[in-house]
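Descriptive structure summary
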There are 2 protein chains.
Amino acid sequence: METIDHLIHAKWIITCEDTNRVLENHALAIKGKNIIAILPSSEAAKKYKAASEHHYTTHAVMPGLINSHTHLAMNIFRGLADDKELMDWLTNYIWPAEKKWVSRELVKDASALAMAEMIRGGTTCFNDMYFFLEATAEAADQAGIRAHIGMTVIDFPTAWANTVDDYFAKGIAFYQAYKDHPRITATLAPHSTYTVSEKNLARVKALADEYHLKTNIHAHEAPQDVEGCLKLNHKRPLQCLQEVGLLSPQLIAIHMTQLNDQDFALLQQHKPHIVHCPESNMKLASGTCPVEKLFQLGLNVALGTDGAASNNDLDMIGEMRTAAFLAKLSTLDPKALPAEKVMRMATLNGAKALGIDTLTGSLVPGKAADFIAIDLEQIETQPLYHPISQIVYASSRNQVTDVWVAGKQLLKNRELLTLDEKELIKKAQNWRKKIMN
Amino acid sequence: METIDHLIHAKWIITCEDTNRVLENHALAIKGKNIIAILPSSEAAKKYKAASEHHYTTHAVMPGLINSHTHLAMNIFRGLADDKELMDWLTNYIWPAEKKWVSRELVKDASALAMAEMIRGGTTCFNDMYFFLEATAEAADQAGIRAHIGMTVIDFPTAWANTVDDYFAKGIAFYQAYKDHPRITATLAPHSTYTVSEKNLARVKALADEYHLKTNIHAHEAPQDVEGCLKLNHKRPLQCLQEVGLLSPQLIAIHMTQLNDQDFALLQQHKPHIVHCPESNMKLASGTCPVEKLFQLGLNVALGTDGAASNNDLDMIGEMRTAAFLAKLSTLDPKALPAEKVMRMATLNGAKALGIDTLTGSLVPGKAADFIAIDLEQIETQPLYHPISQIVYASSRNQVTDVWVAGKQLLKNRELLTLDEKELIKKAQNWRKKIMN
């Protein structure tokens, strides 16, 4: 008998590999941070002596969800203003509130609140873009979640930095501080091609090369995004990114709802990763990312919620469902983006986009034990014919009972183990009082 | 001090009247089945002596949600087949399964399961269209939910009826049996203008006049719907309904995604009620109901989930969110269908469509005590700036803690009081075993 740390028995294990498997009555064997085997539960009992055994008898176990684009701390402004024109929303509500209130303390409290919501909803890894990066990193370190944190660059001053040099200096300091952290990874995050000039994008490219970093950027999000880039940089966003050398598989292009034939050709040639944020695109009336067409061109498309100020949740289970529904409606093809494919967007494709698919994103021996258990024996998901269909189309995030990252349990029967739920709510309420005064 | 049955104190009461009010720290005074007053909690304590008092201290209390179109018992086939072409889905999966399995017993078990899901999600009233009407009515009688049940008519035989005469005879028998039930109402439900000939639609119209009944019909659901009607009845669905005299405020026209200028003119002239089912329309790739345009033409538009075989849930909180998002995207206007308006679609507008808006659909003295409590002090809905925004855009159905219909409690702190959750799940699993063999 081999001694291991955990044996995780499940009614179903959904692997989310490129060729997905749904295994019944199997177990994950976990040693340290990693999965070392996946085998029938009956065999596992004979082969391993585990320090702890967990029996998810009515559950599907699947890879933790990867939220490939978000602005976590913006959840402190969730619901402050809805149903507004984009520029009215930004200039009269969000930017003034951010200018007045965003601080290291706010970002830490709001990011932790967002992580609590994400963990409760089955998200084990996120790709963030905001300010006061250390505050988000500290919250992620405590929460135990896997975090990619963007070194924001934008051509105008914010509560975090005054000049472009200041953004770069603070970003580099953050990268240096966290470069050896096992779960926290710095990325580059120039905001967009309408708020960052070509000159500054070229500085981002130099830094990406120097430190071997992924670069995230909002691109072709809405008509205003493309128009703004034409005005600032005299070309369309993808062309601008190509000219500075950023358009490559090292780029994560977010949103991508406004694409013409020239854009499709550039994408097919340079193969950046794409992040689709359907709910934010719908709520802000931005447009529709042509996900199936991008897959046909050979691109990798992942899924994100965007910030909770424009979603208004951080619910990746709901986001999968919306992505599938929107793909069907926008192509008028009910076969578009089937459940299994959209589940891969929320797991393995996210890991590919972030460059960590050898580490996580699917359940296979050798990868990190980043997984979640979803209880499907509830009124809302009975009877059950296919677990993947029930997860994507019928379940809700509240059916996620247990969450593990790198072999450590973060949620146990819906109870947060690393974050204090009541304290987070109290802090959110205190911020609300200040912001509303 | 006046003696009453219940005093319901709430942090917020959302009335959902035409001119909506959000009242803080108010109470509903309930005597028998009805609300007799809404007043500040502090005054209520002085004025009323209540047999029971309930304190929803972190909750919003709002009218129960009205699911204005569904096929409850189809939830037994939920997830049996997804991501299929409409005709493939119907002819190779749904219709064969229905033919083989639909029975009085199945409809009773499946309808009760669906009611459990609806009550857990805050729905207090539904408008159904299926077979074995008495089985659904018996389940509704036990569940305590408010039920409108359609007397289905279709030109071909099903597991329930063999001929058109048979459908009418069974429908009339159902109407007679339930005409005095306080919560259960018969309606007419010819399936569609592509499956019911003009001759039989005229019989429906005669019966609607004789018994003063509302008529429900799927109309302009998808291109195939309009084409089928052109083939069968040689005109478009709305024109067909006009010619037999059914196009009037007594008609509930469901889906309505395929409308041309002639259709809009007919709608504006005859003012039927409309039911929008955005998630089913998206999943089946049917098209988009132009909700804001219909409101501009002066029509009443309500909200429904459709059956769980094509949704795949019966979640009206989620349906509100999708309706708002889809309206914004399809009009490219983020101001379209704001949260308060979509909440009215799911409450008062549903009551108007069903012809019961003097009885329910908003919280005002004199109406039935049909209401729900939603706990907003959870991680997912903090901080809270506007309760309506948080309910529509950020909350999930699992935050519904308590549900009351006609002064009787059906859900208490998420526990079903009139239905046996475990037994319903067991029955669903038994049906699954049979259907999968």
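Quick summary incoming for the structure in this document. (Residues numbered from 1 in each chain as written. Chains lettered and ligands numbered in written order. Predicted model: local features only at pLDDT ≥ 70, side-chain atom pairs only at ≥ 80, totals over all residues. Heavy atoms only, no water.)

1. Looking at the sheet that holds strand E16 (residues 415–416) of chain A
Note on sheets: strands pair through backbone hydrogen bonds, and any given pair is parallel or antiparallel. All names here are of chain A. A sheet is described by the order of its strands in space; here 8 strands give the open sequence E3-E2-E1-E4-E13-E14-E15-E16, paired in mixed fashion. This sheet does not close on itself; its edge strands, each paired only once, are strand E3 (34–40) and E16. Sheet analysis places strand E14 (residues 400–405) next to strand E15 (residues 408–412), joined by 3 bridges and oriented antiparallel. Note that in E15 the partner of Trp 404 across the bridge is Gln 409. Sitting on the sheet, helix H15 (residues 387–394) touches strand E1 (2–14), strand E2 (22–31), strand E4 (48–63) and strand E13 (371–375), and the angle it makes with E1 is about 75 degrees. (Pairing = 2+ DSSP bridges. Helix = DSSP H or I, 4+ residues; strand = E, 2+ residues; numbered from the N terminus. Contact = heavy atoms within 4.5 Å. Axes fitted to C-alpha atoms, helices over the stretch in contact; angles between N-to-C directions.)

2. Brief notes about helix H6 (residues 198–211) of chain B
Residue and element names in this part refer to chain B. Given a rise of 1.5 Å per residue, 14 residues ought to cover 20 Å, and the 20 Å separating the end C-alpha atoms of H6 matches this to within 8%. For H6, every residue scored as buried is listed here: Asn 200, Leu 201, Val 204, Leu 207, Ala 208 and Tyr 211. Within H6, the buried residues cover an arc of 115 degrees as seen down the axis, which keeps them to one side. Relative to its buried face, H6 has exposed residues pointing more than 90 degrees away, namely Lys 199 and Glu 210. Looking at the buried residues of H6, the elements they touch are strand E7 (146–153), helix H5 (164–178), strand E8 (184–190), strand E9 (215–219) and helix H8 (237–243). (Expected span 1.5 Å × (residues − 1). Buried < 20%, exposed > 50% of the residue type's maximum accessible area, 1.4 Å probe, protein only. Arc of directions from axis to C-beta.)

3. What about the environment of Val392(B)?
All names here are of chain B. Within the secondary structure, Val 392 sits in helix H15 (residues 387–394). Residue class for Val 392 comes out buried when judged on its relative accessible area of 0%. Taking the C-alpha atoms as reference points, Val 392 and Ile 317, separated by 75 residues in sequence, lie 6.4 Å from one another. In this structure, Val 392 is in contact with Ile 317, Met 320, Arg 321, Ala 339, Val 342 and Met 343, ignoring residues within four places of it in sequence.

4. Considerations on the sheet that holds strand E15 (residues 408–412) of chain B
All names here are of chain B. With respect to topology, 8 strands assemble into an open sheet ordered E3-E2-E1-E4-E13-E14-E15-E16, the strand pairing being mixed. In this open sheet, the two edge strands, each paired with only one partner strand, are strand E3 (34–40) and strand E16 (415–416). Bridge count between strand E1 (residues 2–14) and strand E2 (residues 22–31): 8 bridges; the pairing is antiparallel. Bridge pairing in E2 links Ala 10 to His 26.

5. Considering the relation of the copies chain A and chain B
After a rotation of 180 degrees and a shift along the axis of 0.0 Å, chain A superposes on chain B with an RMSD of 0.0 Å. Each copy turns onto its partner about a two-fold axis. Taking C-alpha positions as the reference, the residue of chain A nearest the rotation axis is Asn398(A), at 3.4 Å. Here 100% of the contact residues of chain A are again contact residues in chain B; the copies associate through an equivalent surface. (Least-squares fit on C-alpha atoms with pLDDT ≥ 70 in both.)

6. Description of the nonpolar core
Within the largest apolar cluster, 266 residues are counted, with the highest numbers of intra-cluster contacts made by Met115(A), Met320(A), Met115(B) and Met320(B). Residues within four places of Met320(B) in sequence aside, it is in contact with Leu65(B), Leu303(B), Val342(B), Met343(B), Ala346(B), Ile391(B) and Val392(B). (Core = buried A, V, L, I, M, F, W, Y, C linked by side-chain atoms within 4.5 Å.)

7. Observations concerning the state of the cysteines
All names here are of chain B. Counted under the stated rule, the structure contains 0 disulfides over all chains. In this model Cys 240 remains outside any disulfide bridge; the closest cysteine sulfur is found in Cys 229, 4.4 Å from its own. Exposure remark for Cys 240: the relative accessible area of 0% places this residue in the buried category. Free cysteine Cys 289: the closest other cysteine sulfur is in Cys 277, separated by 8.8 Å. (Disulfide = S-S within 2.5 Å.)

8. Observations concerning the environment of Val403(A)
All names here are of chain A. Mapping Val 403 onto the fold places it in strand E14. For Val 403, a relative accessible area of 0% gives the class buried. Leave out the neighbours within four places in its chain, and Val 403 touches Ile 119, Gly 122, Thr 124, Phe 371, Ile 372, Lys 408, Gln 409, Leu 410 and Leu 411.

9. A closer look at a nonpolar patch on the surface
Residue and element names in this part refer to chain A. A surface patch of nonpolar side chains, amounting to about 280 Å² of accessible area, comprises Met 87, Trp 95 and Phe 156. When you line up the elements, Met 87 lands in helix H2 (residues 86–101). With relative accessibility at 41%, the residue Met 87 sits in the partly exposed group. (Patch = residues over 30% accessible without salt bridge, like charges linked within 9 Å, V, L, I, M, F, W, Y side chains within 5 Å. Areas by Shrake-Rupley, 256 points an atom, 1.4 Å probe, with all protein chains shown as cover. Salt bridge = Lys/Arg side-chain N within 4 Å of Asp/Glu carboxyl O.)

10. Focus on the interface of chain A and chain B
Frequently, the measure chosen for interface size is the accessible area that the parts lose on association. Facing the 63 residues of chain A at the interface are 63 residues of chain B. Between chain A and chain B, the buried area comes to about 5,600 Å², and carbon and sulfur atoms account for 57% of it. It is Asp83(A), Ile379(A) and Tyr385(A) in chain A that bury the most area against chain B; as a group they hold 15% of the surface buried on that side. Taken together, the links from chain A to chain B amount to 10 salt bridges. Summed over the shared surface of chain A and chain B, the result is 36 residue pairs in polar contact (both at pLDDT 80 or more). Of all the elements in the fold, those that place two or more residues in the side of chain A that touches chain B are helix H3 (104–120), helix H10 (278–283), helix H12 (316–331), H15 and helix H16 (421–436) of chain A. For the side of chain A that touches chain B, the element with the most residues is H16(A), which contributes 8 residues. Residues that form the side of chain A that touches chain B fall into these classes: 27 nonpolar, 17 polar and 19 charged. (Buried area = accessible area lost by both parts, 1.4 Å probe. Polar contact = N/O pair within 3.5 Å; in protein donor to acceptor, adjacent residues only side chain to side chain. Nonpolar A, V, L, I, M, F, W, Y, C, P; charged D, E, K, R; others polar.)

11. Comments concerning the side chain of Asp313(B)
Here Asp313(B) shows up in the loop between strand E12 (301–303) and helix H12 (316–331). A residue is classified by how much of its surface remains accessible, and Asp313(B), at 4% relative accessible area, is buried. A polar contact is formed between the side chain of Asp313(B) and the backbone nitrogen of Asp315(B), at a distance of 3.1 Å. Once you skip the residues sitting within four places of it in the chain, Asp313(B) turns out to touch Arg321(A), Tyr393(A), Ala394(A), Arg78(B), Glu117(B), Glu279(B), Thr305(B), Ala308(B) and Arg397(B).

12. Concerning unusual backbone geometry
Put simply, Gln382(A) and Pro383(A) share a cis peptide bond, and its omega is -10 degrees. Of note, Pro383(A) is situated in the loop between E13 and H15. Phi at Arg414(A) is positive, roughly 75 degrees, even though this residue is not glycine. Mapped onto the elements, Arg414(A) comes out in the loop between E15 and E16. In this structure, Leu337(B) is a non-glycine residue whose phi angle is positive, near 40 degrees. Looking at where Leu337(B) falls in the secondary structure, it is placed in the loop between H12 and helix H13 (339–345).

13. Quick notes on the packing of H3(A) against helix H4 (residues 133–143) of chain A
Residues and elements named next belong to chain A. Two elements in contact, H3 and H4, have axes whose closest approach is 8 Å; the angle formed by their N-to-C orientations is 40 degrees. Classified by the interaxial angle, the pair formed by H3 and H4 is oblique. By crossing handedness, the relation of H3 to H4 is classed as right-handed. Here H3 contributes Arg 104, Val 107, Lys 108, Ser 111, Ala 112, Met 115 and Ile 119 to the contact with H4, which in turn contributes Glu 134, Ala 135, Thr 136, Glu 138, Ala 139, Ala 140 and Ala 143. Of the residues assigned to the contact of H3 with H4, the class counts are 8 nonpolar, 2 polar and 4 charged. (Parallel < 35°, antiparallel > 145°, perpendicular 65-115°, else oblique. Left-handed = near helix turned anticlockwise from the far one by under 90°.)

14. As for the pairing of E9(B)
Residue and element names in this part refer to chain B. Burial of E9 is extensive: 5 of the 5 residues sit out of reach of the surface. Of the two faces of E9, the one lined by Thr 215, Ile 217 and Ala 219 and the one lined by Asn 216 and His 218 are each fully buried. In terms of strand pairing, E9 meets strand E10 (residues 251–255) through 5 bridges, oriented parallel. Residue pairing in the sheet places His 218 in a bridge with Ile 254 of E10.

15. Here's the deal with the packing of aromatic side chains
Residues and elements named next belong to chain B. If you walk through the whole model with that rule in mind, you get 16 aromatic pairs over all chains. Summarising the aromatic geometry, the rings of Phe 131 and Trp 160 are spaced 6.4 Å apart at their centres and angled 45 degrees between planes, so their arrangement reads as tilted. Residue Phe 131 is found in the loop between strand E6 (123–130) and helix H4 (133–143), and its partner Trp 160 is found in the loop between E7 and H5; the two are separated by 29 residues along the sequence. A relative accessible area of 10% places Phe 131 in the buried class. (Phe/Tyr/Trp six-rings, centres within 6.5 Å; stacked < 30°, edge-to-face > 60°.)

16. Some thoughts on helix H16 (residues 421–436) of chain B
Helical geometry note: an α-helix holds 3.6 residues per turn, so side chains three or four residues apart project in the same direction. All names here are of chain B. Between its first and last C-alpha atoms H16 spans 23 Å; for 16 residues at 1.5 Å apiece the expected length is 22 Å, and the two agree. Restricting attention to buried positions, one finds in H16 the residues Leu 424, Ile 425, Ala 428, Trp 431 and Ile 435. Along H16, the residues classed as buried sweep out an arc of 120 degrees about the axis, all on the same side. Opposite the packed face of H16, turned more than 90 degrees from it, sit the exposed residues Lys 422 and Lys 426. Buried residues in H16 make contact with helix H2 (86–101) and helix H3 (104–120). Regarding H16, its N-cap is Asp 420, as a side-chain oxygen of that residue lies 3.2 Å from the backbone nitrogen of Lys 422 further along.

What is shown is where atoms sit, not what they do.
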